[in-house]
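As a plain string of letters, each chain reads:
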Amino acid sequence: MLNDDLDNSQSIAPAGIAFSQACENNKQPILEVLQQELQDSIHVLEVGSGTGQHSVYFAPRLTHLTWQTSDMFVNHATINAWHADYPAPNLYAPLTFDVSRDSVPVNEVADAPYDAVFTANSLHIMSWTLVAKLFQLVGDMLPLNGKFIVYGPFNENGSYSSASNRQFDHSLRQRDANSGIRHLEDVIDLANAHHLMLSKRYEMPSNNQILVFEKLY
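Residues numbered from 1 in each chain as written. Predicted model: local features only at pLDDT ≥ 70, side-chain atom pairs only at ≥ 80, totals over all residues. Heavy atoms only, no water.

Draft legend 1. Looking closely at the overall build of the protein. The number of helices and strands found in the protein is 6 helices and 9 strands. Computed over its C-alpha atoms, the radius of gyration of the protein comes to 16 Å, within 12% of the 17 Å expected for a compact globule of 217 residues. Principal-axis analysis of the C-alpha atoms places the extent of the protein at approximately 45 × 40 × 30 Å. A buried classification covers 53% of the 217 residues belonging to the protein. Taken as a whole, the protein presents about 10100 Å² of accessible surface, with 51% of it coming from carbon and sulfur. Each charge class in the protein can be summarised by its mean position, and for the 12 positive and 24 negative side chains these summaries are 6 Å apart. (Helix = DSSP H or I, 4+ residues; strand = E, 2+ residues; numbered from the N terminus. Rg over C-alpha atoms; globule rule 2.2 N^0.38 Å. Buried < 20%, exposed > 50% of the residue type's maximum accessible area, 1.4 Å probe, protein only. Areas by Shrake-Rupley, 256 points an atom, 1.4 Å probe, with all protein chains shown as cover. Lys, Arg positive; Asp, Glu negative; His and termini not counted. Charge placed at Lys NZ, Arg CZ, Asp CG, Glu CD.)

Draft legend 2. Highlighting the pattern of salt bridges. A complete count under the given rule lists 8 salt bridges for this structure. Residue Lys27 pairs with Glu24 through a salt bridge whose shortest N-O separation is 3.1 Å. In this pair, Lys27 and Glu24 both sit in helix H1 (residues 21-37), 3 residues apart, roughly one turn of the helix. No difference in accessibility class separates Lys27 from Glu24, as the two residues are buried. Among the salt bridges present, the one from Asp102 reaches Arg101, with a minimum N-O distance of 3.1 Å. Exposure remark for Asp102: the relative accessible area of 15% places this residue in the buried category. Overlapping salt bridges bring together Glu37, Lys147 and Lys200 as one network. (Salt bridge = Lys/Arg side-chain N within 4 Å of Asp/Glu carboxyl O.)

Draft legend 3. Main features of the pairing of strand E4 (residues 116-120). In terms of burial, E4 is largely enclosed, as 5 of its 5 residues are buried. The side-chain alternation of E4 yields two buried faces, one formed by Ala116, Phe118 and Ala120 and the other by Val117 and Thr119. Across 4 bridges, the pairing between strand E1 (residues 43-47) and E4 is parallel. Opposite Val44, over in E4, you have Ala116 as the bridge partner. In this sheet, strand E5 (residues 147-152) lies alongside E4 in parallel orientation, the contact comprising 5 bridges. In the sheet register, Ala116 faces E5, and the bridge partner there is Lys147. Since E4 and E5 lie parallel, the crossover through helix H4 (residues 128-141) that links them has a hand, and here it is right-handed. (Pairing = 2+ DSSP bridges. Right-handed = clockwise from strand over helix to strand, strands pointing away.)

Draft legend 4. Just helix H5 (residues 163-175), in detail. For H5, spanning 13 residues, the distance from its first C-alpha to its last is 19 Å, which sits close to the expected 18 Å at 1.5 Å a residue. Restricting attention to buried positions, one finds in H5 the residues Asn165, Asp169 and Leu172. End-on view of H5: buried residues confined to an arc of 60 degrees, all on one side of the axis. Looking at H5, the residues exposed on the side facing more than 90 degrees away from the buried face are Ala163, Arg166, Gln167, Gln174 and Arg175. (Expected span 1.5 Å × (residues − 1). Arc of directions from axis to C-beta.)

Draft legend 5. Molecular detail of the nonpolar core. Val117, Leu123, Leu134, Phe135, Phe148 and Phe213 are the most contacted members of the largest nonpolar core, which totals 27 residues. Of all elements in the fold, only E1, H4, E5, helix H6 (184-193) and strand E9 (208-215) reach the threshold of two or more residues within this core. If one sorts the elements of this core by residue count, H4 sits on top with 6 residues. If we ignore the near neighbours within four places in the chain, the residues touching Leu123 are Val131, Leu134, Phe135, Val150, Phe154, Gly180, Arg182 and Val187. If you look at the next biggest cluster of nonpolar residues, it comprises 26 residues, including Ala59, Leu65, Tyr86 and Ala88. (Core = buried A, V, L, I, M, F, W, Y, C linked by side-chain atoms within 4.5 Å. Contact = heavy atoms within 4.5 Å.)

Draft legend 6. Seen up close, the packing of aromatic side chains. For the structure on display, the rule yields 8 aromatic pairs. Seen in terms of ring centroids, Phe58 and Trp67 are 5.5 Å apart; in terms of plane orientation they differ by 65 degrees. Their pairing is edge-to-face. With relative accessibility at 0%, the residue Phe58 sits in the buried group. Assessed through its relative accessible area of 0%, Trp67 is described here as buried. The ring of Tyr57 carries Arg61 above its face, with NZ or CZ at 3.8 Å from the centroid. (Phe/Tyr/Trp six-rings, centres within 6.5 Å; stacked < 30°, edge-to-face > 60°. Lys NZ or Arg CZ within 6 Å of the ring centre and 35° of its normal.)

Set out below in structure tokens:
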């Protein structure tokens, strides 16, 4: 199924392949931010591509750049299935990236570093140790003025932003005690430690945010 009609925003999952309703709900608001923030970017690495739904929606609407997916190998089949049904010339098959043991995968599209990294709904499902590892890897890899764009829920001033986020955090910690919604101030401090400064912050639907970090030195 070739996604020729970019005005049709409703994605249909390939037969028997995982579908994320959250991705379906948030893809357009996220895209609107990416269209602003990635105007000058050339090579984007998506960390934790999940089902692949975001990638097949974003890439054909950001035709000036390359969109490189990545995730743990166990998720590659699902991502590839979405790519097969919704191909785009600037969308690339997933590279293996497990933050717990891998370095940032090398850009195989061009002999150039990624100048932007995007990740959605990943920080709260990782341990804080792995969050720190991710920021270290991204901070080391990005060139000057490169961007790290992070989407998800965050606590602020020691409090939950909503009752639904409180419930979500409780469910995360029941499943894995090392996961949970991160505190905005901790994430900013962590980013600063790796030369990444918060340049923009966007309030998003369903009590989520996009944080845009830029490597300034």
